Amino acid sequence: MKIDAAIDLHIHSALSPCSDDDMTPNNIVNMALLNGLDSIAVTDHNSCDNVEAVIKAAGDRIIVIPGMELQTLEEVHLLCYFKDLSSLYSFRDQMEKYYDGMPNNPAIFGNQLVMNEHDEIIGEKEQLLLTSLSITFDEAVKMVRKHKGLPVPAHINKPSYSLLSQLGFIPSYLDLTLLEFSQNYHIDFDAYQNYRFITSSDAHFLGHILDRKMAISVEELTISGIFDSLAGSHI
Ligand SMILES: [Zn+2]
Ligand SMILES: [Zn+2]
């Protein structure tokens, strides 16, 4: 029997400089629980250093899909989801080779806080996370799949930092099956009939995390159940 799972798979923690410092692991998990969600993903820009803390803070109360949001060379945002932390970490180790070496200036861009599962600050990310990695969109998609992950172009209908705003089209040769759209901008779904869609909050503030607005049908309420439903027949 299929079960409906309410998801919000695009949330920024205090690691993203543009997000509120209140986006701590426990605050995110507790807000998601209050909102009745079954699964979340914390997808920080070009980094995933708070994902483990969110997973630990969540315990068995809510399913956390390991992920991050890349910014490719073309300034396209790509959500990357994985079935386990070790896959995410080996992917991250590859991506950090594409950092441009520009340090963050917290006074200008905001803090990039690394936290533990008790919401204690255990470090600050030095590399500015708001810049593009020196990897193309095509290469990034291939790299996600090499680590058995699911690549999902982010907020494709946003007029900046999206596949459509930057490239102007969805490359068919990449066999992407799932796209994320933003509720803040118009989208003509008829033009993308070959694709499945999810929407997310892209929350940078606690109050923006979704309630039970986006549901997917899953075989079981587990990481694998959510992931397989998202992936459909292709990965
Ligand atoms: Zn984005
Ligand atoms: Zn985002």
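It should be emphasised that the depicted structure is a prediction, and the values quoted were computed from it without experimental measurement. (Residues numbered from 1 in each chain as written. Chains lettered and ligands numbered in written order. Predicted model: local features only at pLDDT ≥ 70, side-chain atom pairs only at ≥ 80, totals over all residues.)

## Structural notes on the sheet that holds strand β4 (residues 67-71)
Consideration 1: In space, the three strands of this open sheet follow the order β4-β5-β8, with antiparallel pairing throughout. The two strands at the open ends of the sheet, each matched to only one other strand, are β4 and β8 (150-153). Direction aside, neighbouring strands of the sheet carry axes that sit 25 degrees apart on average.
Consideration 2: Note that strand β5 (residues 77-81) and β8 share four bridges and pair antiparallel. Opposite L78, over in β8, you have P153 as the bridge partner. (Pairing = 2+ DSSP bridges. Helix = DSSP H or I, 4+ residues; strand = E, 2+ residues; numbered from the N terminus. Axes fitted to C-alpha atoms, helices over the stretch in contact; angles between N-to-C directions.)

## Here's the deal with the sheet that holds strand β3 (residues 63-64)
Consideration 1: Read from one edge to the other, the open sheet built from four strands follows the order β3-β2-β1-β11, with strand pairing classed as mixed. Every interior strand has two partners, whereas the edge strands, β3 and β11 (215-218), have only one.
Consideration 2: As paired strands, strand β1 (residues 3-11) and β11 are joined by four bridges and run antiparallel to one another. Pairing of I3 across the sheet is with V218, part of β11.
Consideration 3: The strands touched by helix α7 (residues 223-231) are β1, β2 (39-42), β3 and β11; relative to β11, the strand with the most contacts, the crossing angle is about 105 degrees. (Contact = placed C-beta atoms within 7 Å.)

## Here we look at the nonpolar core
Consideration 1: Ranked by internal contacts, the top residues of the largest apolar core, which has 58 residues, are V54 and Y81.
Consideration 2: No other element matches helix α2 (residues 51-58), which puts six residues into this core. (Core = buried A, V, L, I, M, F, W, Y, C linked by C-beta atoms within 7 Å. Buried ≥ 20, exposed ≤ 12 C-beta atoms within 10 Å, placed from the backbone.)

## Brief notes about the packing of helix α1 (residues 25-34) against α2
Consideration 1: It is at 8 Å that the axes of α1 and α2 come closest, and there the two elements cross at 50 degrees. As judged from the angle between their axes, α1 and α2 are oblique. Seen along the crossing, α1 lies across α2 with a hand that is right-handed. Here α1 contributes P25, N26, I28 and V29 to the contact with α2, which in turn contributes A53, V54, A57 and A58.
Consideration 2: Its residues assigned to classes, the contact of α1 with α2 shows seven nonpolar, one polar and no charged. (Parallel < 35°, antiparallel > 145°, perpendicular 65-115°, else oblique. Left-handed = near helix turned anticlockwise from the far one by under 90°. Nonpolar A, V, L, I, M, F, W, Y, C, P; charged D, E, K, R; others polar.)

## Looking at unusual backbone geometry
Consideration 1: Of note, D175 is a non-glycine position whose phi angle comes to about 55 degrees, a positive value.
Consideration 2: Mapped onto the fold, D175 is located in the loop between α6 (163-166) and β9 (178-181).
Consideration 3: You can call D175 exposed: it has 10 C-beta atoms within 10 Å.
Consideration 4: In this model, D202 sits at a positive phi of 50 degrees, which is unusual for a non-glycine residue.
Consideration 5: Within the secondary structure layout, D202 lies in the loop between β10 (196-199) and β11.

## With respect to the environment of E96
Consideration 1: Examined against the element boundaries, E96 turns out to sit in the loop between α3 (85-95) and α4 (106-109).
Consideration 2: Judged by local crowding, E96 falls into the exposed class, with 12 C-beta atoms found within 10 Å.
Consideration 3: Residues E96 and S47, 49 residues apart in the sequence, show an inter-C-alpha distance of 8.1 Å.

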